[in-house]
There are 8 protein chains.
Amino acid sequence: MATDPSAAAMPLPEGPHDLRLDLGRRARIGMVEAIWGEHKSQDQIIAALRGLRRGGETALVTRLAPERLAPLLEALPSHGLDPAHYRHHGDARCLASDPLPTPDPGQEPLLILAGGSSDLTVAAEARLALACHGVAAELLLDVGVAGLHRLLDQLETLRRAPLLIACAGMEGALPTVVAGLLPQPVIGVPVSVGYGVSAGGQAALQGMLASCAPGLCVVNIDNGYGAAMAALRILRGSAAGGAGHSSA
Amino acid sequence: MATDPSAAAMPLPEGPHDLRLDLGRRARIGMVEAIWGEHKSQDQIIAALRGLRRGGETALVTRLAPERLAPLLEALPSHGLDPAHYRHHGDARCLASDPLPTPDPGQEPLLILAGGSSDLTVAAEARLALACHGVAAELLLDVGVAGLHRLLDQLETLRRAPLLIACAGMEGALPTVVAGLLPQPVIGVPVSVGYGVSAGGQAALQGMLASCAPGLCVVNIDNGYGAAMAALRILRGSAAGGAGHSSA
Amino acid sequence: MATDPSAAAMPLPEGPHDLRLDLGRRARIGMVEAIWGEHKSQDQIIAALRGLRRGGETALVTRLAPERLAPLLEALPSHGLDPAHYRHHGDARCLASDPLPTPDPGQEPLLILAGGSSDLTVAAEARLALACHGVAAELLLDVGVAGLHRLLDQLETLRRAPLLIACAGMEGALPTVVAGLLPQPVIGVPVSVGYGVSAGGQAALQGMLASCAPGLCVVNIDNGYGAAMAALRILRGSAAGGAGHSSA
Amino acid sequence: MATDPSAAAMPLPEGPHDLRLDLGRRARIGMVEAIWGEHKSQDQIIAALRGLRRGGETALVTRLAPERLAPLLEALPSHGLDPAHYRHHGDARCLASDPLPTPDPGQEPLLILAGGSSDLTVAAEARLALACHGVAAELLLDVGVAGLHRLLDQLETLRRAPLLIACAGMEGALPTVVAGLLPQPVIGVPVSVGYGVSAGGQAALQGMLASCAPGLCVVNIDNGYGAAMAALRILRGSAAGGAGHSSA
Amino acid sequence: MATDPSAAAMPLPEGPHDLRLDLGRRARIGMVEAIWGEHKSQDQIIAALRGLRRGGETALVTRLAPERLAPLLEALPSHGLDPAHYRHHGDARCLASDPLPTPDPGQEPLLILAGGSSDLTVAAEARLALACHGVAAELLLDVGVAGLHRLLDQLETLRRAPLLIACAGMEGALPTVVAGLLPQPVIGVPVSVGYGVSAGGQAALQGMLASCAPGLCVVNIDNGYGAAMAALRILRGSAAGGAGHSSA
Amino acid sequence: MATDPSAAAMPLPEGPHDLRLDLGRRARIGMVEAIWGEHKSQDQIIAALRGLRRGGETALVTRLAPERLAPLLEALPSHGLDPAHYRHHGDARCLASDPLPTPDPGQEPLLILAGGSSDLTVAAEARLALACHGVAAELLLDVGVAGLHRLLDQLETLRRAPLLIACAGMEGALPTVVAGLLPQPVIGVPVSVGYGVSAGGQAALQGMLASCAPGLCVVNIDNGYGAAMAALRILRGSAAGGAGHSSA
Amino acid sequence: MATDPSAAAMPLPEGPHDLRLDLGRRARIGMVEAIWGEHKSQDQIIAALRGLRRGGETALVTRLAPERLAPLLEALPSHGLDPAHYRHHGDARCLASDPLPTPDPGQEPLLILAGGSSDLTVAAEARLALACHGVAAELLLDVGVAGLHRLLDQLETLRRAPLLIACAGMEGALPTVVAGLLPQPVIGVPVSVGYGVSAGGQAALQGMLASCAPGLCVVNIDNGYGAAMAALRILRGSAAGGAGHSSA
Amino acid sequence: MATDPSAAAMPLPEGPHDLRLDLGRRARIGMVEAIWGEHKSQDQIIAALRGLRRGGETALVTRLAPERLAPLLEALPSHGLDPAHYRHHGDARCLASDPLPTPDPGQEPLLILAGGSSDLTVAAEARLALACHGVAAELLLDVGVAGLHRLLDQLETLRRAPLLIACAGMEGALPTVVAGLLPQPVIGVPVSVGYGVSAGGQAALQGMLASCAPGLCVVNIDNGYGAAMAALRILRGSAAGGAGHSSA
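Residues numbered from 1 in each chain as written. Chains lettered and ligands numbered in written order. Predicted model: local features only at pLDDT ≥ 70, side-chain atom pairs only at ≥ 80, totals over all residues. Heavy atoms only, no water.

### Some points on the overall build of chain A
To keep things clear, this is the line we draw: Elements are defined by DSSP. Helices are runs of H or I of four residues or more, strands are runs of E of two residues or more, and each kind is numbered from the N terminus. When a residue's accessible area, from a 1.4 Å probe over protein chains only, is under 20% of the maximum for its type it is buried; when over 50% it is exposed; and in between it is partly exposed. Note that accessible areas follow from Shrake-Rupley with a 1.4 Å probe, and for residues the cover is restricted to the protein chains shown.
Scanning chain A for helices and strands turns up 10 helices and 9 strands. The buried share of chain A, taken over its 248 residues, is 66%. About 7,800 Å² of surface is accessible on chain A, with carbon and sulfur atoms providing 51% of the total.

Now the structure itself:
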């Protein structure tokens, strides 16, 4: 009896072509396709890394559980990939190409705020996803609204940023307060830390959507990557002076 | 065929005794039983008013839809009740005994905050329920966190109050911000104004329960009466200097 | 017995000052405070209109049920307000100042897409809220994904817009498809049309948040006004060339 | 003290008869009863396999966690079952009889689409369940709507299939787009990949049920087996030219 | 001041072209676009009716509240439409073209079952939507599972139908029992009758999705139209002998 | 154009036979089929009443909105039904045959408890449904747990009843307390009175299901009829001394 | 530093008295207090076993995870308890006193039905809880409604039982079908087997509560113990001929 | 390739200053900031402990999974922290400074009630959090409402306490019964023990919010810490005789 998964009765096609990687995404919408690691097998991740390398694209594997890292790195060489071309970002639970593009030095970094240090993983994923596209961002942690002065003390820093990404779990009030104070685009990212009614980030998500502060945008719970891509869409329009999108 | 409801085949017992009013509530827990008007027939409300009058108790009918007021007042005299003994409080959608007990002049009024003027009904119900027990309270409206300065400008007023009731719909962040700034007891009341995810007050409720501010207490959505009774429990202990409850 | 609401036992303070209108909002974040009409009494709406007029601000009353319009207009003169200064926008269920600011002729209008003609009210609210801030927008209806060609036929039009607001009820797939095709900022607005699982807009909301298209931003269900304000935040940064926000 | 489960005080009856296997299912509705492995003990699974073998029926054990495979195979011989009669399908997390019936060579294979490679397990379960009934199907992965061209490029392939099963997690828009483009029966299978609002597949499920594309059918989340059986019902009617079901 | 909705500041384009009717839907997927009447204004409905008439298409307006019928019919002539070309189907709450296409006499009618007479509206909508496409269907009411014999007595009738649509509210067990007894395609339609946990049809929907009967397909709550279109997709494939879809 | 509902294009079969009334229900399970009035048209109700009369069965129409009563009674004679044979029970919102069967004088009445007078409708529906089957029951209102003494004072009365039906809205704690104090069968009926989290009866339902008191049974929210039928099943077994059910 | 839990700064009182075991429960309501093992520490379980032994009561520990059994048995002797006085029931995941009371030979056993063999644990817990109180019950597995004949074949067996407990996961239709066929008391127990919408047993629970079969009673998901206690309440009344409860 | 998390490409700032500990919280609201251990890395916890020590503040780490304790203690010395300054409280799953402040001997201890011994962790967390602020509390376990006498027997003890914290899982009725009997402030804490509908504590939470007992306050599920801080706010106002808060 054949019990090896690779000997399945109806084998899947292999290799990057069959994965149907969206290599045209950069030309179409100015972004690279990230590899969402959570539900993929190691073989699927490696096939994607190979496809991206062949296509000359930056690689970003998100939501890679720490215990999956070592076996993945070990397996790379036998598939023709060099571990030295990748770097693990433990704070963000991601693997990414190394080196990453150099950010434009003339661009003011955007700011990623987080209510507590428990929100770090999500904030770091957002920062890394931006770095993969050559955009610099700074983190500002522990500015939750339970101690409002910590946020108000940083108001000058906030005012300088072209865009604010605000990550928060629990009741998720941080982006609401920020959007009430400042005129820039604010992207709220609910974070799944919490317990009871805030477990899973639902209370934070609903709080951000229901916000009384006008013009707050929201992405899915824990979606640091998505917030970064939304920021990218906004900043590129901004860099073009509102006159259109040359990459389109 | 008998179609009149009062001629039901299996008639209910009538009168205050049969209503089983909890006239011992004041002696037991220091409160009067409010008559929740929403799901009661006019006959049930009048029977309760009669029972309270016989027992010498203050009456408070809550959640009385405006269109029910006129027929109710018209019907009172034929049941031996004098409309002049009651007063309609349109802002709170309540009917209450008139006059109400005189508040203790030495007691600093507690403060009832509301994020927006749409929260007025709930805030006013809380104030009236306190007034029915001889406790004074002041309303402070339109201090929602979308314009934080409106709240911060009132900080001295807030600091003087022995207790704060904070009503908010939408994302319900107001009590969180208040409890992060001040040391007094804070009771959050979610309000069912809003639309989409905030419709019905669920987002506000979850935001208050999930609050990152320590020691925020919450009552049911729109439960101005309940917040008032919780305040009463707290203030009486306070008046007694923490040494016990003489009314128990 | 006093049953008139205006004769409440504990009267509320009156007039625009007491409403605590956020007249500093334009200076702070570049927006005027809209008056959310749904849960406000006529007296509260009129007080807000008076306050805005005294402050020299544009007025926008949203979610004004059609049957409330006539009595409101009738009441204006007795409060010193001239009905000719306002205009009813039936498609958006709003009342707004008339005339509105002239849009900047050099600015490419942004585009508001809607899946079906049932989404019109929300799309029109977004367009009007932008118009109140001097920003032009065009509507493109009936481009739902059940007939994809209707959307693909308009691709050149979509490409020209600096920002896309996509309104959709039912399964809410429109913004996902749009964000997969185009590089600009895309703001998804779930609409509460539908029945069964899509009643109330929850399916559309979750579909937009869960979107596989990277960088899609979402606002609350039916929140055309909020989408407009988010667009305003983005476009202003864009107009400033990403160099900061002079209005801050 | 007796702690061995098999020595329970009130023993259960043993053997295939007592399991009350539905061996008449093929005659009644043209399907074999699959053994849902997730909540069954190894003893229960083996008893079912024995019963099916005695009845001369094809066996399909679904949702068999990988770590349960080895002990199960080891235990088969001591219960009179030959491991060589079964084959493990690692991609589908299933164990099935080996060999399976030969598909009808004259029948055009149906098509199973999946938005991403994370949906593979569900798609493979559907393909295997069809194979157990002698129906051929092909998989087409990575055709999610975030890169619409990947789907549009395959339109000719899609047009040839007599029926389409579309598996998708996240927002689940794939079946909607497919059903808007093509006239064949389309069965949507929500997949439980995702995070935040899409965790567990609820967003995909609701998106498919709320679909604006007419005539899209839906099965339970992750129910590849159910989609296959629905396809079987449809294809058999089709083969019979709509004139009835001879197997009934 | 302009308060007439038709004098909106930013007028919508008018006429069938601007409605972007999906007139190619019949050629593409073999169906006409139904007009979902619930959230549309009378003007929007009439514009759609005009567009369909110009395109020579059958019209079907669903979910038309009874009180909207008379004003709609009155308004038709002034828009160049003849009321005699339409017929009201009170049982289905629909307006449709009159006459409808003649059904193919050689086709065995499909069967629409309903648990109780409260499910009639949904069942009738399904039958009418099929009739609009020239497909005959018969209704079989009051065969709910609380009196199983009522269903078992009709087993021969059920066996003759090429496809079964089973509508049920409450716990929605009817399609499960039917799909366990018969081999044909079964489409379950949850109905929003019920109270408590079954209010809105959620219990029926979940019961059908969770069904232990293999191969049961489900559509949205109350979606009689959708069930009909799914049946149409199936029957056409069936009529073509499984060899493809000539209409594609 | 035909707009009269009774002239529908595809007419439904008429009369009691076509309604498929479950007239065998009394022989099978000892109950009559109640007519759930909420979602039925007047014609459907009358057809059911006629069918029951022909079958010599007791009629019970539940959830009959008060405003529907007069037109229904007026219409009866023209369908050959005498209004004098029915009686309206306003407290229960039901219409029932008149007279009802005489209860067995030797049977101790069962007891229906309700937390507040707002629960009366549900409690009265249960009592009437029992009366339709010749079983006597007494109501005991206003014994909610907020004033526990009101319940404890009645403990002797409770102890005498062969079975207790406990109706409660809000948090629904009444059946839990009762089942903790007494050994008889206790059936909990959640009631949909309340607001905020208790609106619709969900909090009460969940509280009863989650009860820490052992052996509490629960029926659907507001399902007084269902509680009565459950009681009937229990009492008949009881009357038979546990030796079986002669009516089966 | 003290890290041993038993050296906690504020030690809990020890021993059976402090556990406040409800040893009067048998006298009050005729049941013994079961020890719910899931959230209790081993020390808490042992303390409860000791208290029950001192009180001469039968012990039943439910929801004891298999891996907790061995350490618990090992620890018993050092607390003065003899492992030979207990028996592990692996099918029910319970530990119980051994021997259990002898059932009354004159009492017809009640019947516990289960839709599939995955429901065994819950059904076995119900049987064991009854056995702890001297009541005999028989299990009938695999009678799910997907193969209705398996149930109909057993109708005579079902008719003999004085009471039916029906356990079902998935859509939970089994108790509905049973209650529609038979006149005895039927207690539905939703089981948490399933996936997607049926995961956790919610679909089954709602299906049972929403049941169209009259008089079906429901207990919490997986609550085999609770169903047994409800049966005990019913059977004792039955044994007493409906004349009251001598144990009260 | 760099895989060490501490070598992340974009390093986070280190040390207590960067953690932005809210060391002003005691001066502002009279509380120390607790370290919520659940989602924090060991490095984050140690950094917080160091910051608190430097600030001279009491440390309380909550929700510290037992298996995390040993590695944390081992790591302390290498970061300049002495394990002897901390104490593990196994019952509460917390680590706290040792010694804790001496409680005021003149203050009557408040009372923490729990329905069952499964609620111990939450009750113990509340007691410890109070002890960290110099407030004494006593635990009273196993007073659930299924055996009401266990509570009623302790009524004198309850009457003496200045404030009651009532923890309960399952249906959560304990605080309702307590608040109906006694006049003091009552804080309800829902506990996440239970299964089926009570799993996660949602049923208990909703039951407490929906309570019919007036003036019951509620905190988030399992939030023993939050209940303690709410009690602290109340007791301090009480100690000050209601005359204001000197610490503000």
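### Notes on the packing of helix α3 (residues 42–54) of chain G against helix α4 (residues 66–75) of chain G
All names here are of chain G. Basically, it comes down to this: Each axis is a line fitted through C-alpha atoms, and for a helix only the stretch in contact is used; angles between axes span 0 to 180 degrees, taken between their N-to-C directions. Small angles under 35 degrees read as roughly parallel and large ones over 145 as roughly antiparallel, with 65 to 115 read as roughly perpendicular and the rest as oblique. In this scheme the crossing of two helices becomes right-handed for a clockwise turn of the near helix relative to the far one and left-handed for an anticlockwise turn of less than a right angle. Throughout, a residue-residue contact means that at least one pair of heavy atoms, one from each residue, lies within 4.5 Å. Charged means Asp, Glu, Lys or Arg here, nonpolar means Ala, Val, Leu, Ile, Met, Phe, Trp, Tyr, Cys or Pro, and polar covers whatever is left, Gly included.
In contact at an axis separation of 11 Å, α3 and α4 are set at 50° when each is read in the N-to-C sense. Overall, the two elements α3 and α4 adopt an arrangement that is oblique. Considering the relative orientation of α3 and α4, their crossing is right-handed. Here α3 contributes Q42, I45 and I46 to the contact with α4, which in turn contributes R68, P71, L72 and A75. Split by residue class, the contact of α3 with α4 holds 5 nonpolar, 1 polar and 1 charged.

### Quick notes on helix α4 (residues 66–75) of chain D
Residues and elements named next belong to chain D. Heads up, the rule is: As used here, the arc belongs to the directions running from the helix axis to the C-beta atoms.
Considered for burial, the residues of α4 that qualify are L69, L72, L73 and A75. Projected down its long axis, α4 carries its buried residues within an arc of 155°, all on one side. When the buried face of α4 is taken as reference, the exposed residues oriented beyond 90 degrees from it are E67 and E74. Residues of α4 that are buried in the fold lie against α3 (42–54), β3 (86–89) and β4 (94–97).

### With respect to the interface of chain C and chain A
Convention followed: Within this document, salt bridges are pairs made up of a side-chain nitrogen of Lys or Arg and a carboxyl oxygen of Asp or Glu, the two lying within 4 Å of each other. Between N or O atoms, a polar contact is any pair within 3.5 Å; within protein, one atom must be a potential hydrogen donor and the other a potential acceptor, and residues adjacent in sequence are included only when both atoms are from side chains.
In this assembly, 38 residues from chain C lie in contact with 38 residues from chain A. For the pair chain C and chain A, the interface holds 0 salt bridges. Between chain C and chain A we count 13 residue pairs in polar contact (both at pLDDT 80 or more) in total. Of all the elements in the fold, those that place two or more residues in the side of chain C that touches chain A are α2 (25–29), α8 (174–181), β8 (186–190), α9 (202–209), β9 (216–218) and α10 (224–239) of chain C. For the side of chain C that touches chain A, the element with the most residues is α10(C), which contributes 8 residues.

### A closer look at the sheet that holds strand β3 (residues 86–89) of chain E
Residues and elements named next belong to chain E. The cut-off we apply is this: At least two bridges found by DSSP between two strands is the condition for calling them paired.
Taking strand neighbours across the sheet as the criterion, the 4 strands line up as β1-β2-β4-β3 in an open arrangement whose pairing is mixed. What marks the edges here is a single partner per strand, and that holds for β1 (35–36) and β3. Where strand β2 (residues 60–62) meets strand β4 (residues 94–97), 2 bridges bridge the pair, whose relative direction is antiparallel. Bridge pairing in β4 links L60 to A96.

### Concerning the relation of the copies chain C and chain A
Filter applied, for reference: The atoms used to superpose the copies are C-alpha atoms, taken from residues with pLDDT of at least 70 in both, and the fit is least squares.
Turning chain C through 180° and shifting it by 0.0 Å along the axis lays it on chain A, with an RMSD of 0.0 Å. Overall, the copies show the geometry of a two-fold rotation axis. Closest approach to the rotation axis within chain C is made by the C-alpha atom of S238(C), at a distance of 1.8 Å. A share of 100% of interface residues in chain C that are also interface residues in chain A marks the association as one of identical surfaces.

### Digging into the pairing of strand β7 (residues 164–168) of chain H
Residue and element names in this part refer to chain H. By the criterion of burial, β7 is predominantly enclosed, with 5 of the 5 residues buried. Burial of β7 is two-sided: the residues L164, A166 and A168 facing one way and the residues I165 and C167 facing the other way are all buried. As paired strands, strand β5 (residues 110–114) and β7 are joined by 4 bridges and run parallel to one another. Looking at β7, one finds that A114 is bridged to C167. Pairing analysis gives 5 bridges linking β7 to strand β8 (residues 186–190), with the strands arranged parallel. Its bridge partner being in β8, L164 is matched across the sheet by V186.

### Concerning the relation of the copies chain A and chain D
Two copies of a chain can be linked by a rotation about an axis combined with a shift along that same axis. With an RMSD of 0.0 Å, the fit of chain A onto chain D corresponds to turning through 90° and sliding 0.0 Å along the axis. Here the two chains are linked by the operation of a four-fold rotation axis. Ranked by how close their C-alpha atoms come to the rotation axis, the residues of chain A are headed by G200(A), at 8.5 Å.

### Section: the state of the cysteines
This is how it is decided: Throughout, a disulfide means two cysteine sulfur atoms within 2.5 Å of one another.
Taken as a whole and assessed by the stated rule, the structure comprises 0 disulfides over all chains. C212(B) carries a free sulfur, and the closest cysteine sulfur to it, the one in C167(A), is 14 Å from it. Residue C94(C) stays outside any disulfide, its sulfur separated by 7.9 Å from that of C132(C), the closest cysteine.

### Examining the interface of chain A and chain D
For the record, the criterion: Reported buried area values correspond to the accessible surface (1.4 Å probe) lost by two parts on association, with both partners' losses combined.
Contacts between chain A and chain D engage 27 residues on the former and 35 residues on the latter. Taken together, both faces of the contact between chain A and chain D bury some 2,500 Å²; the carbon and sulfur share is 56%. The interface formed by chain A and chain D holds 1 salt bridge in total. The salt bridge partner of E33(A) is R150(D), with a shortest N-O separation of 4.0 Å. Secondary-structure elements contributing two or more residues to the side of chain A that touches chain D are α1 (15–19), α2 (25–29) and α9 (202–209) of chain A. Of the residues assigned to the side of chain A that touches chain D, the class counts are 13 nonpolar, 6 polar and 8 charged.

### Describing the confidence of the model for chain A
Residues and elements named next belong to chain A. Rules: Known as pLDDT, the predictor's confidence for each residue is given on a scale from 0 to 100.
In this model, chain A carries a mean pLDDT of 88, and residues with pLDDT of at least 70 account for 89%. Contacts from residues 1–17, a stretch scored under 50 in pLDDT, to residues over four places away or in other chains number 31 contacts. Taken as a whole, residues 241–248 scores under 50 in pLDDT and shows 17 contacts with residues more than four places along the chain or in a different chain. Predicted as a complex, the structure gets a pTM of 0.93 and an ipTM equal to 0.90.

### Topic: the sheet that holds strand β2 (residues 60–62) of chain D
All names here are of chain D. Read across the sheet, 4 strands follow the order β1-β2-β4-β3 without closing on themselves; strand pairing throughout is mixed. Edge positions in the sheet fall to β1 (35–36) and β3, since each of these pairs with one other strand and no more. Relative to β2, β1 runs parallel, the two being bridged by 2 bridges. Paired with I35 across the strands is V61, a residue of β2.

### Some points on the pairing of strand β6 (residues 137–140) of chain E
All names here are of chain E. Stated precisely, the cut-off is as follows: Throughout, right-handed denotes a crossover for which the path from the first strand over the helix to the second runs clockwise when the strands point away from the viewer.
Examined bridge by bridge, strand β5 (residues 110–114) and β6 share 4 bridges and lie parallel to one another. Bridge pairing in β6 places L110 opposite A137. Between the parallel pair β5 and β6, the chain is carried across by helix α5 (residues 120–131), and the sense of this crossover is right-handed.

### Quick notes on unusual backbone geometry
Here the bond from D98(F) into P99(F) is cis, since omega is 0°, no more than 30 degrees from zero. One non-glycine residue with positive phi stands out, namely D142(B), at about 60°. Among the secondary structure elements, D142(B) is positioned in the loop between β6 (137–140) and α6 (149–152). Looking at D142(B), the relative accessible area reads 8%, which means it is buried.

### With respect to the environment of L164(E)
All names here are of chain E. Along the chain, the position of L164 falls in strand β7 (residues 164–168). Overall, L164 belongs to the buried group, its relative accessible area being 0%. Sequence separation between L164 and I35 is 129 residues; the distance between their C-alpha atoms is 25 Å. Apart from the residues within four sequence positions on either side, L164 is in contact with L111, L113, L158, V178, L182, Q184, P185, V186 and I187.

### Thoughts on the pattern of salt bridges
Following the criterion strictly, the structure yields 62 salt bridges over all chains and no others. Among the ionic contacts, a cluster of salt bridges with common partners joins D22(A), R25(A) and R28(A).

### What about the side chain of S211(B)?
Its place among the elements puts S211(B) in the loop between α9 (202–209) and β9 (216–218). Within the structure, S211(B) has its side chain in polar contact with the backbone nitrogen of A213(B) (distance 3.0 Å). Ignoring any residue separated from it by four or fewer positions in sequence, one finds S211(B) in contact with M170(A), E171(A), T176(B) and L216(B).

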